[in-house]
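What follows is the residue order along each chain.
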Amino acid sequence: MASYREILAQAKAEIDEVTTLEMVERVGLSDAPLFLDVREPDEWQEGHLPGAYHIPRGNLESRIEALVPDREHEIVIYCASGARSAFAAKSLTEMGYTSVSSMAGGFSDWKRNGFEFETPKVLTPEQRSRYARHLLIPEVGEKGQQKLLEARVLLVGAGGLGSPASLYLAAAGVGTLGIVDGDVVDDSNLQRQIVHSTERLGEPKVLSAKRTIEALNPDVQVEAYQERLTSDNVERIIGEGWDVIVDGADNFPTRYLVNDASVWHDIPVVHGSIYRFEGQTTVFHPRVGPCYRCLFPTPPPPELAPSCAEGGVLGVLPGIVGSLQANEALKLILGAGDTLTGRLLLFDALANSFDEVTVKRDPSCPVCGEHPTITDYVDYVEFCNLAGRGVAQ
Ligand SMILES: [Zn+2]
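These remarks concern the structure in this document. Within each chain, residue numbers correspond to sequence positions counted from 1 in written order. In keeping with the model being predicted, local features are shown solely for residues with a pLDDT of at least 70 and side-chain atom pairs are shown and tallied solely at 80 or more, while totals for entire chains, interfaces and linings include all residues. Derived side-chain values reflect all non-hydrogen atoms in the structure, with water molecules and hydrogen atoms excluded from consideration.

### As for the packing of helix α9 (residues 141-150) against helix α15 (residues 317-334)
The line we're drawing: Here, axes are lines fitted to C-alpha atoms. For helices the fit covers the stretch in contact, and angles between N-to-C directions go from 0 to 180 degrees. Elements are defined by DSSP. Helices are runs of H or I of four residues or more, strands are runs of E of two residues or more, and each kind is numbered from the N terminus. Our angle categories are set so that under 35 degrees counts as roughly parallel, over 145 as roughly antiparallel, 65 to 115 as roughly perpendicular, and the remainder as oblique. By convention the crossing between two helices is left-handed if the near helix lies anticlockwise of the far one by an angle smaller than a right angle, and right-handed if it lies clockwise. Pairs of residues are marked as contacts when any of their non-hydrogen atoms sit within 4.5 Å. Only Asp, Glu, Lys and Arg are considered charged in this grouping, and only Ala, Val, Leu, Ile, Met, Phe, Trp, Tyr, Cys and Pro are considered nonpolar; every other residue, Gly among them, is considered polar.
Orientation of α9 relative to α15, taken along the N-to-C sense of each, is 110°, at an axis distance of 9 Å. Between α9 and α15, the interaxial angle falls into the category roughly perpendicular. For the element pair α9 and α15, the recorded crossing hand is right-handed. Contacts between α9 and α15 involve Gly144, Lys147 and Leu148 from the first element and Leu330, Ile333 and Leu334 from the second. Looking at side-chain class alone, the contact of α9 with α15 contains four nonpolar, one polar and one charged residues.

Dropping the structure here:
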């Protein structure tokens, strides 16, 4: 009967070994081998070679063909010390892989030499519990949850639409929420703006929203912009880098500023609007679908714009439309499902019915078209008397 030492020595005699010193020269190069880590998940989580793949030794034979279908692809296997990887290399050679080697000394030697390694971000036990219902969905899972935690979403407006959208995005664990709103909480807001409360009357909406959101989920950082979006500040605010913008503005000047900035910064905008019992939502994804100006190249005459008057709205309607916007934002971050890009979703609360209209990109659009005529921000200030008004519905 052979001892462990003997079968290890025998395995090593049958395979090729490489050194950490040889391999560190090749990390990141275009002809770098595929580095395959065969250690256990907890070892992998404490650090691994940059760009390495991970299949625990016990799953190697069943999963390698899916990862590396080409049996001539160069593979360098490593473990902690070079023993498990020697057996793994032997097994892959027997499966017909022709260019497999084991890294002698393994990850311990790599670390001892002071070579660079990556530490994967993992969810804390508290996060595993908080996002347990996300982790059960394949479209989200641990990877998707990490994406959400790393995502930055800018909400324009902390009003009727921004309230449900920000609450659901925060609950979902979107790590950074920017909120732009220059208004303070007024008692006429509370019929629908559920992120605020009676005790916050008179408080800036961005600070009220920040308090509610951070109390809901400590994983979320709120960047508060207590100002109304204008041509003077739009570049500074949008330029801070966002993955998605959720537009909950109730007025045309802000919508055009958000649109033009989003096209120039290449950021998808989840648009929402509400009036009485009717809501609309769509996604303006620059260069993928139409932008707002493809539909409405310039604002309508001020006297025809419904947003210039204080419009009535059923309190629950922004709850529904804002939630639809949060859904689109989450899908854009996760890369899951079909977004509303190129589709305008119409909701009628009285009939409780949804309708959908296809919206197309306009090649002659003044902003995203082939020959743009608008190349700088336009303030449609004369458009409505916005003095003393906030931006959110
Ligand atoms: Zn356009």
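### Observations concerning the sheet that holds strand β1 (residues 16-18)
Under the convention used in this document: At least two bridges found by DSSP between two strands are what make those strands a pair.
Taken in spatial order, the five strands make up an open sheet running β1-β5-β4-β2-β3, and their pairing is parallel. Edge positions in the sheet fall to β1 and β3 (53-54), since each has one partner strand and no second. Across three bridges, the pairing between strand β4 (residues 75-78) and strand β5 (residues 100-103) is parallel. Bridge pairing in β5 links valine 76 to serine 101. Across the sheet, helix α4 (residues 60-67) touches β2 (34-37), β3 and β4, and the angle it forms with β2 is around 155°.

### Re the coordination of the zinc ion
To keep things clear, this is the line we draw: Metal donors: N, O and S atoms at distances within 2.8 Å, or within 3.2 Å for Na, K and Ca, with water omitted from the atom set so that some sites may seem incomplete. Tetrahedral means four donors with every angle between 85 and 135 degrees, whereas square planar (four donors) and octahedral (six donors) require angles over 155 degrees between opposite donors and between 65 and 115 for all others; sites fitting neither are termed irregular. We call a residue buried when its accessible area falls under 20% of the maximum for its residue type, exposed when it is over 50%, and partly exposed in between, using a 1.4 Å probe and counting protein chains only.
Here the zinc ion is held by Cys291 (SG), Cys294 (SG), Cys365 (SG) and Cys368 (SG), and the distances to it run 2.3 Å. Taken together, the four donor atoms surrounding the zinc ion define angles of 95 to 123° at the centre, an arrangement classified as tetrahedral. Ordering the donors of the zinc ion by residue number gives the pattern C-x2-C-x70-C-x2-C. Cysteine 365 gets classed as buried once you look at its relative accessible area, which sits at 0%.

### Remarks on the packing of helix α1 (residues 4-14) against helix α5 (residues 84-94)
Running from N to C, α1 and α5 cross one another at 50°; their axes reach a closest spacing of 9 Å. Judged by the inter-axis angle, α1 sits oblique to α5. In this structure, α1 crosses over α5, and the sense of that crossing is left-handed. Residues Tyr4, Ile7, Leu8, Ala11, Lys12 and Glu14 of α1 pack against Ala86, Phe87 and Lys90 of α5. Counted by class, the contact of α1 with α5 contains six nonpolar, no polar and three charged residues.

### Looking at the packing of aromatic side chains
Operational definition: When two rings of Phe, Tyr or Trp (its six-membered ring) have centres within 6.5 Å they constitute a pair, described as stacked for plane angles under 30 degrees, edge-to-face for angles over 60, and tilted for the intermediate range. Both a distance and an angle decide whether a charge sits over a ring: NZ of Lys or CZ of Arg must be within 6 Å of the ring centre and within 35 degrees of the ring normal.
For the structure shown, the criterion picks out ten aromatic pairs. With a centroid separation of 6.3 Å and an interplanar angle of 45°, the aromatic rings of tyrosine 4 and phenylalanine 87 are classed as tilted. You can see tyrosine 4 sitting in helix α1 and its partner phenylalanine 87 sitting in helix α5, a full 83 residues away along the chain. For the ring pair tyrosine 256 and tyrosine 292, a centre distance of 5.2 Å and an interplane angle of 70° mean the geometry is edge-to-face. One end of the pair, tyrosine 256, is in helix α13 (residues 252-265); the other, tyrosine 292, is in helix α14 (residues 292-295), with 36 residues separating them in the sequence. As far as burial versus exposure is concerned, tyrosine 256 and tyrosine 292 are alike and both buried. Following the ring pairs from residue to residue traces out a cluster consisting of Tyr256, Phe284, Tyr292, Phe296 and Tyr380. Sitting over the ring of tryptophan 242, arginine 152 keeps its end group 4.2 Å from the ring centre.

### Comments concerning the pairing of β5
Counted only if it meets this: By convention, orient the strands away from the viewer: a clockwise path from the first strand over the helix to the second makes the crossover right-handed.
The side-chain alternation of β5 yields two buried faces, one formed by Val100 and Ser102 and the other by Ser101 and Met103. Here three bridges tie β1 to β5, and the two strands are oriented parallel to one another. From the neighbouring strand, glutamate 17 faces β5, where its bridge partner is serine 102. Taken together, β4, α5 and β5 constitute a β-α-β crossover, and its handedness is right-handed.

No statement about biological role is implied by the geometric values presented.
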